[in-house]
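Chain by chain, the residues:
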Amino acid sequence: WKIEANEDNTPIKLSGGNVPVEKITGKTGNITDDNIDGISKTFIDKNAILLKVDSSNLKTSNVFSDSNSKIKVIRYKQEYQGVLIYNSYTTLAYSEDALTFYKTNYKPSVQVSTIPKITKEEALNCIKRDFSVIKDAPYLAETNLPDSWIKSNLKENKIRNIEPSFISISHYVNINPEK
């Protein structure tokens, strides 16, 4: 294995190795879309002390396969008390039913309150204030936004997803904690 570690010597990338499914699970078998999550979390759990990753905080974000190269990949996002941790992921890749790649930027020391400091209504009011085009619509999903506004905010990465029934908007609000 080629091993890359972070500043506290925790492995963050393993590549070039080959760990058969049988060595991970104790059973012979193939990697499938149905079992890749279980096998990956078993690997993480068996190596939790070394990797400093808690598999119970991982939520599957993507599973994909390349039928030509026979590579299967699972990517996780990290959650803390049900809240996704921004830009935290763990990825495992398998080739010919063996683990060949692991990479993470898992944040093991996350300890923050997940209790909201503002209400849903206050958050909506902040969005209405900062996106003045949203006037007094009671729900963002019912708002008819001009195409020019949507294109402008897509470029600025404020809009994350557009579906026929809703628009997902990312908006960061600065809140000064009480002292």
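Look a little higher up for the structure.
Residues numbered from 1 in each chain as written. Predicted model: local features only at pLDDT ≥ 70, side-chain atom pairs only at ≥ 80, totals over all residues. Heavy atoms only, no water.

**Here we look at unusual backbone geometry**
Backbone geometry places lysine 52, a non-glycine residue, at a positive phi of 55°. For lysine 52, the position within the fold is in the loop between α3 (48-51) and β3 (58-66). For glutamate 96, which is not glycine, the phi dihedral falls at a positive 50°. Relative to the elements of secondary structure, glutamate 96 occurs in the loop between β5 (83-95) and β6 (98-104). (Helix = DSSP H or I, 4+ residues; strand = E, 2+ residues; numbered from the N terminus.)

**Some remarks on a positive patch on the surface**
Together, Lys59, Arg75, Lys77 and Lys103 give the surface a local cluster of positive charge. Counting through the fold element by element, lysine 59 comes out in strand β3. The exposure class assigned to lysine 59 is partly exposed, which follows from its relative accessible area of 43%. (Patch = residues over 30% accessible without salt bridge, like charges linked within 9 Å, V, L, I, M, F, W, Y side chains within 5 Å. Areas by Shrake-Rupley, 256 points an atom, 1.4 Å probe, with all protein chains shown as cover. Salt bridge = Lys/Arg side-chain N within 4 Å of Asp/Glu carboxyl O. Lys, Arg positive; Asp, Glu negative; His and termini not counted. Charge placed at Lys NZ, Arg CZ, Asp CG, Glu CD. Buried < 20%, exposed > 50% of the residue type's maximum accessible area, 1.4 Å probe, protein only.)

**Looking at the side chain of threonine 91**
Within the secondary structure layout, threonine 91 lies in strand β5. Here arginine 75 takes part through its side chain, which lies 3.3 Å from a polar atom of the side chain of threonine 91. Not counting residues within four places of it along the chain, the set of residues in contact with threonine 91 comprises Val73, Ile74, Arg75, Phe101, Tyr102 and Lys103. (Polar contact = N/O pair within 3.5 Å; in protein donor to acceptor, adjacent residues only side chain to side chain. Contact = heavy atoms within 4.5 Å.)

**Things to note about the pairing of β3**
For β3 and strand β4 (residues 71-80), the ladder comprises eight bridges, and the chain directions are antiparallel. Following the sheet pairing, serine 65 is matched in β4 by lysine 72. (Pairing = 2+ DSSP bridges.)

**What to know about the packing of aromatic side chains**
If you walk through the whole model with that rule in mind, you get one aromatic pair. A cation over an aromatic ring shows up here: arginine 75 above the ring of tyrosine 89, its NZ or CZ 4.2 Å from the ring centre. (Phe/Tyr/Trp six-rings, centres within 6.5 Å; stacked < 30°, edge-to-face > 60°. Lys NZ or Arg CZ within 6 Å of the ring centre and 35° of its normal.)

**Notes on the sheet that holds β3**
Here six strands make up an open sheet; going across it, the order is β1-β2-β6-β5-β4-β3 and the pairing antiparallel. At either end of the open sheet lies a strand with only one pairing partner, and these are β1 (2-5) and β3. Adjacent strand axes in the sheet meet at a mean angle of 15° when their direction is disregarded. Inspection of the sheet shows strand β2 (residues 11-20) paired to β6 by five bridges, in the antiparallel sense. Counted as the bridge partner of serine 15 is phenylalanine 101 from β6. Along the sheet, helix α2 (residues 36-46) makes contact with β2, β3, β4, β5 and β6, crossing β4 at roughly 65°. (Axes fitted to C-alpha atoms, helices over the stretch in contact; angles between N-to-C directions.)

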